[in-house]
Amino acid sequence: MAAIRITQSVGLGGANSLNDVKTVQTALNKLLKLIPPTQTLIVDGRLNPRPESSKTIAAIKLFQSKVLNMVRPDGKINPNDAIFRKINEKLALFNSQKAGMKDPQLF
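Residues numbered from 1 in each chain as written. Predicted model: local features only at pLDDT ≥ 70, side-chain atom pairs only at ≥ 80, totals over all residues. Heavy atoms only, no water.

## Focus: the overall build of the protein chain
Move 1: Secondary structure assignment for the protein chain yields 3 helices and 2 strands.
Move 2: Of the regular secondary structure in the protein chain, the N- to C-terminal order runs β-α-α-β-α.
Move 3: A compact globule built from 107 residues would reach a C-alpha radius of gyration of about 13 Å, and the protein chain, at 13 Å, matches this within 12%.
Move 4: Counting only C-alpha atoms and orienting by the principal axes, one finds that the protein chain spans roughly 40 × 25 × 25 Å.
Move 5: Across the 107 residues that make up the protein chain, the buried fraction comes to 36%.
Move 6: Counting only contacts in the protein chain whose residues sit at least 6 apart along the sequence, the fraction spanning at least 24 positions is 49%.
Move 7: Only carbon and sulfur atoms are counted for the fraction: they give 52% of the accessible area of the protein chain, which is about 6400 Å².
Move 8: Across the protein chain, the 16 positively charged side chains and the 7 negatively charged ones have centroids separated by 4 Å. (Helix = DSSP H or I, 4+ residues; strand = E, 2+ residues; numbered from the N terminus. Rg over C-alpha atoms; globule rule 2.2 N^0.38 Å. Buried < 20%, exposed > 50% of the residue type's maximum accessible area, 1.4 Å probe, protein only. Contact = heavy atoms within 4.5 Å. Areas by Shrake-Rupley, 256 points an atom, 1.4 Å probe, with all protein chains shown as cover. Lys, Arg positive; Asp, Glu negative; His and termini not counted. Charge placed at Lys NZ, Arg CZ, Asp CG, Glu CD.)

## Comments concerning the nonpolar core
Move 1: Core analysis: the biggest nonpolar cluster contains 21 residues, and Val24, Leu28, Phe63, Ile77 and Ile87 have the highest contact counts within it.
Move 2: Listed by contribution, the elements that provide at least two residues to this core are helix H1 (18-32), helix H2 (55-67) and helix H3 (82-98).
Move 3: No other element matches the 6 residues that H1 contributes to this core.
Move 4: Beyond its immediate chain neighbours, meaning those up to four positions away, Ile77 contacts Ile6, Gln8, Ser9, Val10, Val24, Ile60, Ile83, Phe84 and Ile87. (Core = buried A, V, L, I, M, F, W, Y, C linked by side-chain atoms within 4.5 Å.)

## What about the side chain of Ser54?
Move 1: On the secondary structure map, Ser54 appears in the loop between H1 and H2.
Move 2: At 3.3 Å, the side chain of Ser54 and the backbone nitrogen of Thr56 are in polar contact.
Move 3: Ser54 has contacts with Leu47 and Asn48, leaving out every residue within four places of it along the chain. (Polar contact = N/O pair within 3.5 Å; in protein donor to acceptor, adjacent residues only side chain to side chain.)

## A few points about empty space enclosed by the protein
Over the atoms, a rolling probe the size of a water molecule traces out where space has been left empty.
Move 1: Going through the model one piece at a time under the given rule, you end up with 1 cavity of 30 Å³ or more.
Move 2: Taken together, Leu28, Asn29, Leu32, Lys33, Thr38, Gln39, Thr40 and Leu41 form the lining of the largest cavity.
Move 3: Considered class by class, the residues forming the lining of the largest cavity number 3 nonpolar, 4 polar and 1 charged. (1 Å grid on protein atoms, 1.4 Å probe; cavity = no way out; pocket = protein on both sides within 12 Å on 5 of 7 lines; lining within 4 Å. Points joined across faces, edges and corners; volume = space filled by probe spheres on them. Nonpolar A, V, L, I, M, F, W, Y, C, P; charged D, E, K, R; others polar.)

## Observations regarding the confidence of the model for the protein chain
Move 1: Counting all residues, the mean pLDDT for the protein chain is 89, and 92% of those residues have values of 70 or more.
Move 2: When mean pLDDT is taken per element in the protein chain, strand E2 (residues 76-77) scores highest with 97 and H3 scores lowest with 90. (pLDDT = per-residue confidence, 0-100.)

## Brief notes about the layout of surface pockets
Move 1: As a volume, the largest pocket reaches approximately 350 Å³.
Move 2: Around the largest pocket, the lining comprises 18 residues; the ones closest to its centre are Leu41, Ile42, Ser54, Lys55 and Thr56.
Move 3: Element by element, the count of residues in the lining of the largest pocket is highest for H2, at 5 residues.
Move 4: Of the residues contributing to the lining of the largest pocket, the split by class is 7 nonpolar, 8 polar and 3 charged.

Here is the structure:
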């Protein structure tokens, strides 16, 4: 998976357009499997109607806390914010690792 692009925010209080949510779900599936124990997200472009029960929002918060060391993860990704840029940075490292480069530090 190459760098992702989203047009609107995804997560708690976000616009959560179908395609943007699918994009984030797919990217998180690639990266979060490296943080055990993490279950794969269903890539359906939807969030749970009750945000506090959304596995996608929980995955966003996990990424924020484990990778960005956020003390209070907010469960939201905005286009071109620090979280969005970090996802793309980690995807690039993940792809270079898949291409045979020496074990880059993903997390």
